[in-house]
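Results of the structural survey
Letter by letter, the chains look like this.
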Amino acid sequence: MAGRVAGKVALITGAARGMGRAHAVRLAQEGADIIAVDVCAPLPRVPYDSATPADLDETVRLVEKLDRRVVTARLDVRDLGALRTAVDGAVAELGRLDIVVANAGICVPRAWDRVTPEIFDDTITTNVTGVWNTVMAGAPHLVEAGAGSIILISSAAGIKVQPFMVPYTTSKWAVRGMAKAFATELARHSIRVNSVHPTGVETPMGSGDMQAAIGEAMAGDPRLGGMFVNMLPVRGTQPEDVSDTVLFLASDESRFVTAHEIAPDAGVTEF
């Protein structure tokens with residue numbers, strides 16, 4: 001079925017690469033124009049390389065190759081003022097906003113007693129405040145339109161506890177609750193809000209450096225390693241697998257789905 005979001009506009013944070021880029025491309029394939037937001041700058045303390053302006057340029061190239069319009073903004077989602085200004089400008093240029101995908105996030109694995117106040121603060125402000133900011137910048141435009149879909153990217157760690165990730169797990173449970181809370185108040189505007197909870201995904205966040213950081217933490221308590229094992233016989237999934245779920249939630253196929261947690265998780269949360 002082609003054109004499942006034809007004529008719609010989607011705001012996506014963390015869009016320079018990984019899942020964010022995959023969401024942008026998948027929605028563009030189905031007819032959406034894209035507002036692509038990413039900080040494109042080094043992130044403190046994360047154990048993997050940060051996105052670059054060249055990464056965001058590649059997302060633009062891939063969307064435009066599909067003959068869709070794309071507007072970009074380089075900013076930190078923790079800056080609500082900058083985000084609102086960028087989203088308002090992009091909506092004025094593209095004419096509307098129908099879909100919000102709050103995808104930007106970070107993860108810094110550490111054993112609990114090696115988590116610093118700075119790591120905890122970075123994670124919560126990016127993964128929770130940044131998601132809240134994204135909704136606050138995007139939702140008024142959906143209210144004005146009289147309908148829409150807001151999709152908050154959480155994690156399997158927001159359904160089932162994952163070890164060596166106290167700040168990350170805390171943030172992703174918060175995102176799950178945030179989706180339900182927004183869903184209740186935005187329902188009267190025919191706006192649906194859901195959270196997505198993938199298992200490990202093959203992205204820079206899931207790179208070898210990230211795995212090494214988890215392995216270092218796990219060395220102190222290896223019995224917890226089994227908590228990362230998927231029920232299905234796969235080590236991880238691809239960004240496009242998560243994007244298929246995002247497309248479903250963005251499309252009218254899910255028009256009666258709201259306040260739910262959707263888990264393309266290979267069964268990890270049940271295993």
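Calculation criteria
- Residues numbered from 1 in each chain as written.
- Predicted model: local features only at pLDDT ≥ 70, side-chain atom pairs only at ≥ 80, totals over all residues.
- Heavy atoms only, no water.
- Helix = DSSP H or I, 4+ residues; strand = E, 2+ residues; numbered from the N terminus.
- Rg over C-alpha atoms; globule rule 2.2 N^0.38 Å.
- Buried < 20%, exposed > 50% of the residue type's maximum accessible area, 1.4 Å probe, protein only.
- Core = buried A, V, L, I, M, F, W, Y, C linked by side-chain atoms within 4.5 Å.
- Contact = heavy atoms within 4.5 Å.
- Pairing = 2+ DSSP bridges.
- Phe/Tyr/Trp six-rings, centres within 6.5 Å; stacked < 30°, edge-to-face > 60°.
- Lys NZ or Arg CZ within 6 Å of the ring centre and 35° of its normal.
- Patch = residues over 30% accessible without salt bridge, like charges linked within 9 Å, V, L, I, M, F, W, Y side chains within 5 Å.
- Areas by Shrake-Rupley, 256 points an atom, 1.4 Å probe, with all protein chains shown as cover.
- Salt bridge = Lys/Arg side-chain N within 4 Å of Asp/Glu carboxyl O.
- Polar contact = N/O pair within 3.5 Å; in protein donor to acceptor, adjacent residues only side chain to side chain.

Here we come to the overall build of the protein. Counting its secondary structure elements, the protein contains seven helices and seven strands. When its helices and strands are written in sequence order, the protein yields β-α-β-α-β-α-β-α-β-α-β-α-α-β. Relative to the compact-globule value of 18 Å for 271 residues, the protein shows a C-alpha radius of gyration of 18 Å, a close match. The principal-axis extent of the C-alpha atoms belonging to the protein is close to 55 × 35 × 35 Å. Across the 271 residues of the protein, 53% fall into the buried class.

With that settled, the discussion passes to the nonpolar core. Taken as a class, soluble globular proteins show a tendency for nonpolar side chains to be buried jointly. Counting residues in each nonpolar core, the largest one holds 32 residues, and the members touching the most others are Ile35, Leu97, Ile150, Leu152 and Val193. Ignoring anything within four residues of it in the chain, the contact list for valine 193 reads Ile150, Leu152, Ala179, Phe182, Ala183, Leu186, Thr258, Ala259 and His260. Membership of the second largest hydrophobic core comes to 29 residues, among which are Ile12, Val101, Val201 and Leu247.

Below, the discussion takes up the sheet that holds strand β6 (residues 191-196). Overall, parallel pairing links the seven strands, which are arranged β3-β2-β1-β4-β5-β6-β7 in an open sheet. Single-partner strands in this sheet number two, and they are β3 (70-74) and β7 (261-262). When strand β1 (residues 9-13) meets strand β2 (residues 33-38), the two strands line up parallel, connected through five bridges. Opposite leucine 11, over in β2, you have isoleucine 35 as the bridge partner.

Let's shift gears to the packing of aromatic side chains. In the structure shown here, the tally under the stated rule is zero aromatic pairs. The positively charged end of arginine 176 is found above the aromatic ring belonging to tryptophan 173, 5.1 Å away from the centroid.

What follows is about a nonpolar patch on the surface. Residues Trp112, Phe120 and Val166 make up a contiguous nonpolar surface patch of roughly 350 Å² in combined accessible area. For phenylalanine 120, a relative accessible area of 35% gives the class partly exposed.

Now for the side chain of aspartate 33. Note that aspartate 33 resides in strand β2. Judged by relative accessible area, which is 5%, aspartate 33 ranks as buried. Among the polar contacts made by the side chain of aspartate 33, one reaches the main-chain amide nitrogen of arginine 69 at a distance of 2.9 Å. Aside from chain neighbours lying at most four places away, what touches aspartate 33 is Lys8, Val9, Ala10, Arg68, Arg69 and Leu94.

On to the pattern of salt bridges. Evaluated as defined, the whole model comprises 15 salt bridges. Residue arginine 68 is joined to aspartate 33 by a salt bridge in which the shortest nitrogen-to-oxygen separation is 3.2 Å. Highlighted residues: arginine 68 in the loop between α2 (53-65) and β3 and aspartate 33 in strand β2, separated in sequence by 35 residues. Under the relative-accessibility criterion, arginine 68 is labelled partly exposed at 26%. Taken together, the shared-partner salt bridges in this structure form one network comprising Arg45, Asp76, Arg78 and Asp122.

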